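Report on the structure
Each chain, letter by letter, is given below.
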Amino acid sequence: MKALIVDDEPIARRELRRLLGPHADVEVVGEVGSADEAQRAVATLGPDLMFLDIQMPRRTGMQLLESLENAPQVVFTTAHDEHALRAFELGALDYLLKPIAPARLATALDRVRQRLEIPAGETLSMTKPLLVRDGDEAWLVTLKDVSLIEAAGNYVQLHFGERRPLLLHALSALERRLDPDHFFRASRSLIVNLDHVERFDTGVRLELIAHLRGGKTVAFSRRQSVQFRRKRGL
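A short tour of the structure in this document, coming up. (Residues numbered from 1 in each chain as written. Predicted model: local features only at pLDDT ≥ 70, side-chain atom pairs only at ≥ 80, totals over all residues. Heavy atoms only, no water.)

Side note on the sheet that holds strand β14 (residues 208-212)
Put simply, the rule reads: Only when DSSP finds a minimum of two bridges between them are two strands counted as paired. Each helix is a run of H or I in the DSSP string that is no shorter than four residues. Each strand is a run of E no shorter than two, and both are numbered from the N terminus. Every angle, taken between N-to-C directions, lies between 0 and 180 degrees, and every axis is a line fitted to C-alpha atoms, over only the stretch in contact when it is a helix.
Strand order in the open sheet made by the 3 strands is β13-β14-β15, with antiparallel pairing throughout. Both edges of this open sheet fall to β13 (197-202) and β15 (217-219), since each of them pairs with a single strand only. Across this sheet, the average inter-strand angle for adjacent strands is 25 degrees, counted without regard to direction. Across 5 bridges, β13 lies against β14 in antiparallel orientation. Residue pairing in the sheet places D201 in a bridge with I209 of β14.

Here it is as structure tokens:
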């Protein structure tokens, strides 16, 4: 897996790289010292995993993660324990306190490996049923019937009819196996099934607003609105 280290302290970056040395499947593709540099690195390097410090100049790691449309898997590395709840609300896989213990790092990497398992393999079929569970209930669901896929912490919710069952995968990981002719990332937390869109409107900030069958509306982020228009030649 490709990893990006984001920390404003060079000593901390070197120490984390040293700790990652025994993990042969982890390739550190970049090290940066600020949120602005990290945002550019995510776009250009395409890491699978980002080790992210919280307290940094200008923007915090939390603010960076909130701003990313297509974030990699994130493990926070920090000396401050009071931000853990917010970190997990933002979808972080783990929260490591400095100095980082090798055993805790190994546990975090195992979680990342499990989460990244879903990208392997071919594009998911639109018509082959998937078994989806929610508590004691289970359904066979085809992707063609799913109107929205919504991030829910470390998992996703599939919207089909009035149901909202959880699927135990991250939104960014699942996105990699969805057919781009049918699904599009509308925002950081939502993927929309374009086959369910009846029409588009334009919002006051020129963002796209998709109106789905059944009355739901989905507001695209400004960045994704631009990408969608470019992709579709609009």
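Read on for the rest.
Comments concerning the environment of S147
The test is simple: By the convention used here, residues are in contact when the closest approach between their heavy atoms is within 4.5 Å.
Along the chain, S147 turns up in the loop between β7 (137-141) and β8 (148-152). A C-alpha to C-alpha distance of 9.2 Å links S147 and F183, two positions 36 residues apart in sequence. In this view, S147 contacts H159, I191, V192, N193, H196, L212 and K216; residues no more than four positions away in its chain are not counted.

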